Amino acid sequence: MNDQLQSGFAHSRRWFWAALFALMLALLGVLVFLAREYEENHAVSQLELSAANMAGELRAGLLRNIQDLQALSVTSASEPQWQRAASVLLSAHREMLRLEWRDRDLRIQQELRSPFQPQTFDDMNREQVLPDVQHACANARRLKGPAYSASYWLPMAQWLGQEVMEMCVPVIQANREAGFIVATYGLPGLLTELIRSETRRARSVAINEGDGTRLAIVGSVVNERGVIQARQLLDLPGVAYVLRVEQARESGGWLPNILTATVVALTLALTTLFALLALDVRRRRRAEGSLAEALAFRKAMEDSLLTGLCARDMQGRITYVNPAFCQIVGRPPEQLVGTGIPAPYWPPEQIDCYRQRQSIRQTSRLLPRQGFESEFLRADGVHVPVLVVEAPLINAQARQTGWMSAIIDQSDQRKAEELSRASQDRLQATARLAMVGEMASLISHELNQPLAAIASYASGSLNVLQDPQVPLQTLRIELEATIQRMADQAERAGKVIKSVGDLVRRRERARAAVPIQALWDGISPLVKLQAHKLGIEVQWEIAADCPAVWCDATMVEQVLLNLVRNGFQAMPPGDPASGSGWRNLSLHAAPVPANATSPGRWVAFTVTDHGHGLTDEVAKRIFTPFFTTKAEGMGLGLSLCRSIVEQHGGLLDFEPATPRGTTFRFTLPAAL
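Cut-off values and rules
Residues numbered from 1 in each chain as written. Predicted model: local features only at pLDDT ≥ 70, side-chain atom pairs only at ≥ 80, totals over all residues. Heavy atoms only, no water. Pairing = 2+ DSSP bridges. Helix = DSSP H or I, 4+ residues; strand = E, 2+ residues; numbered from the N terminus. Axes fitted to C-alpha atoms, helices over the stretch in contact; angles between N-to-C directions. Contact = heavy atoms within 4.5 Å. Disulfide = S-S within 2.5 Å. Buried < 20%, exposed > 50% of the residue type's maximum accessible area, 1.4 Å probe, protein only. Salt bridge = Lys/Arg side-chain N within 4 Å of Asp/Glu carboxyl O. Core = buried A, V, L, I, M, F, W, Y, C linked by side-chain atoms within 4.5 Å. Lys, Arg positive; Asp, Glu negative; His and termini not counted. Polar contact = N/O pair within 3.5 Å; in protein donor to acceptor, adjacent residues only side chain to side chain.

Asks: Give a detailed account of the sheet that holds strand S19 (residues 584-592), specifying residues and quantitative values.
Replies: Strand order in the open sheet made by the 5 strands is S17-S19-S20-S22-S21, with mixed pairing throughout. The outermost strands of the open sheet, each flanked by one partner alone, are strand S17 (537-542) and strand S21 (652-656). The sheet shows a mean angle of 20 degrees between the axes of neighbouring strands, direction not considered. Two strands pair when backbone bridges link them, and strand S20 (residues 602-608) and strand S22 (residues 662-669) are joined in this way by 7 bridges, in the antiparallel orientation. Residue Phe-605 lies in a different strand from S22, and its bridge partner there is Phe-666. Most of the contacts of helix H15 (residues 637-647) go to S21, to which it runs at about 125 degrees, and overall it touches S21 and S22.

Asks: How would you explain unusual backbone geometry if you had to name every residue and give the values?
Replies: A cis geometry characterises the amide bond from Asp-575 onward to Pro-576, with omega recorded as 0 degrees. Mapped onto the fold, Pro-576 is located in the loop between helix H13 (553-569) and S19. The omega torsion of the bond from Thr-658 to Pro-659 falls at 5 degrees, within 30 degrees of zero and hence cis. Relative to the helices and strands, Pro-659 resides in the loop between S21 and S22. Located in the positive-phi region is Leu-106, a residue other than glycine, with phi close to 65 degrees. With respect to the helices and strands, the residue Leu-106 is situated in the loop between strand S1 (96-102) and strand S2 (108-113).

Asks: Any chance you could break down the state of the cysteines for me, citing the residues and the numbers?
Replies: In this structure the tally under the stated criterion is 1 disulfide. Through a disulfide, Cys-137 is tied to Cys-168; the S-S separation comes to 2.2 Å. The sign of the S-S torsion, about 100 degrees, decides the handedness of the disulfide formed by Cys-137 and Cys-168: right-handed. Taken together, the positions of Cys-137 in helix H3 (residues 130-143) and Cys-168 in strand S5 (residues 161-173) put the pair 31 residues apart, joining distant regions of the chain. Assigned by exposure class, Cys-137 and Cys-168 land together as buried. Left without a disulfide partner, Cys-326 is nearest to the cysteine sulfur of Cys-310, which lies 9.1 Å away.

Asks: Give a detailed account of the pairing of S1, specifying residues and quantitative values.
Replies: Burial within S1 is extensive, with 7 of its 7 residues counted as buried. Two strands pair when backbone bridges link them, and S1 and strand S6 (residues 176-186) are joined in this way by 6 bridges, in the antiparallel orientation. The residue of S6 that forms the bridge with Trp-101 is Ile-181. The antiparallel hairpin formed by S1 and S2 contains 5 residues in its connecting segment, where Leu-106 sits at a positive phi of about 65 degrees.

Asks: Go over the pattern of salt bridges with me, naming the residues and quoting the values.
Replies: Evaluated as defined, the whole model comprises 15 salt bridges. For Asp-103, the salt bridge goes to Arg-107, with nearest N and O atoms at 3.2 Å. A salt bridge links Arg-317 to Asp-313; the nearest nitrogen and oxygen atoms lie 3.2 Å apart.

Asks: Explain the nonpolar core to me, and be specific about the residues and the numbers.
Replies: One finds Ile-516, Val-549, Leu-585, Phe-605 and Phe-666 to be the most contacted residues of the largest nonpolar core, which totals 44 residues. Residue assignment for this core shows that the elements contributing at least two residues are helix H10 (448-465), helix H12 (516-534), strand S18 (549-551), H13, S19, S20, H15 and S22. In terms of residue count, H13 provides more of this core than any other element does, 8 residues in total. Among the nonpolar cores identified, the runner-up in size contains 43 residues, and Ala-55, Leu-69, Leu-90 and Leu-190 belong to it.

Asks: Tell me about the sheet that holds strand S9 (residues 227-236), and name the residues and values.
Replies: One open sheet holds the 4 strands; their spatial order is S8-S7-S10-S9, and the pairing between them is antiparallel. Each edge of the open sheet is held by one strand with a lone partner, namely strand S8 (214-218) and S9. Adjacent strand axes in the sheet meet at a mean angle of 20 degrees when their direction is disregarded. Pairing of S9 with strand S10 (residues 239-248), which is carried by 10 bridges, proceeds in the antiparallel orientation. Pairing of Leu-234 across the sheet is with Tyr-241, part of S10. Packing of helix H4 (residues 187-194) onto the sheet brings it into contact with strand S7 (203-208), S8 and S10, and relative to S8 it is tilted by some 35 degrees.

Asks: Mind laying out the side chain of Arg-200, listing which residues take part and the relevant values?
Replies: Within the fold, Arg-200 resides in helix H5 (residues 197-200). Of the buried charged residues, Arg-200 lacks a salt bridge, with Glu-57 as the closest side chain of opposite charge at 7.1 Å. A distance of 3.3 Å separates the side chain of Arg-200 from the backbone oxygen of Leu-191, its partner in a polar contact. Residues in contact with Arg-200, not counting those within four places in the same chain, are Met-54, Leu-191, Thr-192, Ile-195, Val-205 and Val-218.

Quick look at the structure:
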């Protein structure tokens, strides 16, 4: 009996130790398996972090390129420096295959290929990809910043090719759009040039579309134990890609199957497992703390915004509002979140418009960022003018989950606009009163010349009538000529009154093609009469190829008369002396050569005297109304001349003459 009991106990002990040994082996295997799973998860986390860093490097590199392209846009496309600057830029950035300067209509003004791949575009005409360029530049114009096109296949020699995409950067010069700089990127070049080689070592990096289609890949991974991979969204203005990174699964051997090391291995495995679990718990707590801080910071930031934020799902139901939005519509969040169409803050008269916009969203799904003005109905019944900017909500998997709207209350802006409009009305009324006084002064100033001429002709006629030695026939002829001149000057005075009135009212007068000689013939009698009295010789020269000018003859004649009279007054009797050869006044008319700053056809008129010239103080104020250096002057002559010339689209300026005197120059459009 005892032997049987001992034998049973021994058998039971063997089964117990066997079971314990099997349990220990099973536990050891479980612990080793858990350790290997942790290591693989850690490797995946590290790979995801590397993928995020690679995406960050791509974005940072593209941002640096945008800054370089914006620096390139400072140089005009017509300047040779642009080619040199573009060549330096292409040499420094191998990922760029081509640079183009396009005008506002997307016509190519300048282009340059990369010196590293000059044959890339030999097998495809740029006109074939014009829709991609137009799409990118349309987004850039709308976003007022750089934008990218979707990628397309660029064929090359020997049945090769690569995926490329276009980037369009708007060029802003003098606060207006002057054109676009278009850069063509090769997707393989982006991976090799913008991602550091040590980051890509022993890994495969690819750019995929949202549906998984691979567009470009760098590196390869071959491993019998398989690979691990990570994906990162690469969201660029106008297009979105997925960055996929793969690396070989790390191979690790199982623990040695040695019975004498089982207990030690089990102890080490348990210790390691508990240590890893504790480390993982600390990391998770640290991550949860960081996430809670980030969420709290984002919530505080959203609550402090003055711009209202409202998120909707794909069915149009409100999923989130911030306090600024609630303040705009005058409703708490619990009355807004979860509501659908129509929203409680939509004005009844605009419900159809909002429904139509919602149907467009649901039909086209992804909409570009856009803004529109509208009105919201506050809870107290007040209509609030708002500016609404909408954009699609895209998650990390590049899928749209709804729409986000940013709402700006424009009530204060509308009030400011109304105040500004009222101020402008008051200023215009004041300006009209000032214009009446200016018109009276201008008419008084401009009538002096024709009235003085009429008085001179009348005085001459009396002198002829009082001379008994003048034959009757001669007397009749001279009186007829003098009376005709007086009538012409009276008619001229009427035209001056009408011209000055039109000038003050900024009214467009009838213009025609006037020969240069006709302008001289119109003022010649007055000029010659005054020049004879002062002993000044007048020289008039018209270039042989000088065309007619498109102008109002009466107003331009008045400009010439004022400039000639100022030239006469700059040369009083005896200064310069009669025998000096400088007592003359020259008028010259010639066409202006066409250039970049003056592309149209123009005619330049110059009036040159040989007086003492202008001092610096007088030169600064010479065109100021009512500024004069003459005791009897009113200071309106040159101001009127500049207004007349500018009304014709030309410019009036002056410069010192050589060796003395002043040259006044103005331009008029040629009659084509």
